[in-house]
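As a plain string of letters, each chain reads:
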Amino acid sequence: MTESFLHWLQSEHIDHLIKASVLLLAGFICASMASRAVSRFFSKNFSQHHIVLFKRLLYWLIVALFVASALKQLGFSLSVLLGAAGVLSVALGFASQTSASNLISGLFLIGEQPFKLGDTIKVGNTTGEVLSIDLLSVKLRTFDNLFVRIPNETLIKSEVTNLTRFPIRRFDLLLGVAYKEQIAVVRQVLMDVADKNPLCLDEPNPMFLFLGFGDSALNIQFSVWSKRENFRDLRNSLQEEVKLAFDKAGIEIPFPQRVVYLNHATDDKTQPQENDKAADKT
């Protein structure tokens, strides 16, 4: 056994094994260097998620080429490997139709670019920050620090709202005032609140809309604009300031009321009939 091992060491197999190992090591080194070069040279012309995807594709493509070269050094026939890979890919395609659909949907997302890394999006009932955009899924971090994975096929079929795509956002405050209030006075009070709030933008101008007559109140929409990063603070502060301003101006915000009338006519009509039935029994 020792002689056989020494003979194997002296043969060409050890030379091929060393060459294959060197090729594998060189492949991983070249793949790492190429992926770093991608992020360095293409950072100005492409978005971050495009760079990440291209880095991964380039990395594994280079590794695959060096692995094929290493296998050839070890005596494997590449034609046989390619044939086996083709058969395996067809079998995997039938077995993983969902993954293929997610892969194709991921390519559409890359081309369409409805959002990018760092954006806040809303998909159905899920809202969160985009952590990564991969070929099969998109990873989100919700506001309560939960990790959510959404398949790309779901994103293609669903309505996706990008909350941070544009630099400014509009906040619509829906409220109602009592019928006794003057619309002009209410409008002036709301405009004064928006003018004093430092987070409210002067351009576009705040907008006052009288929506109509409700069951218990005059329905009003007051819309103001703010920078994207100040939207939450504006929403909280504006509502509190409107409530304080309405209290100071004596403007009433009514709550739904219902008036119930009790009709006793039915009881009065049934009472003589009951008395007649009692008389007949006697």
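What you are looking at is a predicted structure, and each value in this text was computed from that prediction instead of being measured.

Asks: When you look at the sheet that holds strand β5 (residues 160-162) in this model, what are you seeing that I'm missing?
Replies: Think of a sheet as strands paired side by side through backbone hydrogen bonds, with each pair either parallel or antiparallel. Spatial strand order, β4-β3-β2-β1-β5: five strands in an open sheet with antiparallel pairing. Edge positions in the sheet fall to β4 (147-151) and β5, since each of these pairs with one other strand and no more. The sheet shows a mean angle of 40 degrees between the axes of neighbouring strands, direction not considered. Pairing of strand β1 (residues 120-123) with β5, which is carried by three bridges, proceeds in the antiparallel orientation. In the strand pairing of β5, isoleucine 121 is matched with asparagine 162.

Asks: Whenever I open this one, a nonpolar patch on the surface confuses me. Can you help?
Replies: On the surface, Leu174, Met207, Leu209 and Leu211 cluster together into a nonpolar patch covering about 360 Å² of accessible area. Ranked by residue count, the leading element in the nonpolar patch is strand β7 (residues 207-213), at three residues. Residue position: leucine 174 is located in strand β6 (residues 168-177). Using a relative accessible area of 59% as the deciding quantity, one classes leucine 174 as exposed.

Asks: Looking at this model, I keep getting lost on the side chain of asparagine 162. Mind explaining?
Replies: Tracing the backbone through its elements, the reader meets asparagine 162 in strand β5. Among the polar contacts listed, one links the side chain of asparagine 162 to the side chain of aspartate 119, at a separation of 3.2 Å. A distance of 3.1 Å separates the side chain of asparagine 162 from the backbone nitrogen of threonine 164, its partner in a polar contact. Asparagine 162 has contacts with Pro114, Phe115, Asp119, Thr120 and Ile121, leaving out every residue within four places of it along the chain.

Asks: What should I look at first to understand unusual backbone geometry in this one?
Replies: Excluding glycine, most residues fall at negative phi; most peptide bonds, likewise, are trans. Here the amide bond leading from glutamate 203 into proline 204 is cis, since omega sits at 0 degrees, within 30 degrees of zero. Structurally, proline 204 can be placed in the loop between α7 (183-196) and β7. At glutamine 113, a position not held by glycine, the phi torsion is positive, near 55 degrees. With respect to the helices and strands, glutamine 113 occurs in the loop between α5 (97-112) and β1.

Asks: Before we go on, may I ask you to explain the packing of aromatic side chains in this structure?
Replies: Given two aromatic rings, one states the distance between the centres and the angle between the planes to describe the pair. In the structure shown here, the tally under the stated rule is three aromatic pairs. With centroids separated by 6.2 Å and ring planes inclined at 15 degrees, the aromatic side chains of tyrosine 179 and phenylalanine 213 adopt a geometry described as stacked. Of the two residues, tyrosine 179 sits in the loop between β6 and α7 while phenylalanine 213 sits in strand β7, which places them 34 residues apart along the sequence. With a relative accessible area of 43%, tyrosine 179 lands in the partly exposed category. Owing to a relative accessible area of 63%, phenylalanine 213 belongs among the exposed residues under this scheme. Members of the aromatic cluster, connected to one another through ring pairs, are Tyr179, Phe210 and Phe213.

Scoring rules and cut-offs
- Residues numbered from 1 in each chain as written.
- Predicted model: local features only at pLDDT ≥ 70, side-chain atom pairs only at ≥ 80, totals over all residues.
- Heavy atoms only, no water.
- Pairing = 2+ DSSP bridges.
- Helix = DSSP H or I, 4+ residues; strand = E, 2+ residues; numbered from the N terminus.
- Axes fitted to C-alpha atoms, helices over the stretch in contact; angles between N-to-C directions.
- Patch = residues over 30% accessible without salt bridge, like charges linked within 9 Å, V, L, I, M, F, W, Y side chains within 5 Å.
- Areas by Shrake-Rupley, 256 points an atom, 1.4 Å probe, with all protein chains shown as cover.
- Salt bridge = Lys/Arg side-chain N within 4 Å of Asp/Glu carboxyl O.
- Buried < 20%, exposed > 50% of the residue type's maximum accessible area, 1.4 Å probe, protein only.
- Polar contact = N/O pair within 3.5 Å; in protein donor to acceptor, adjacent residues only side chain to side chain.
- Contact = heavy atoms within 4.5 Å.
- Phe/Tyr/Trp six-rings, centres within 6.5 Å; stacked < 30°, edge-to-face > 60°.

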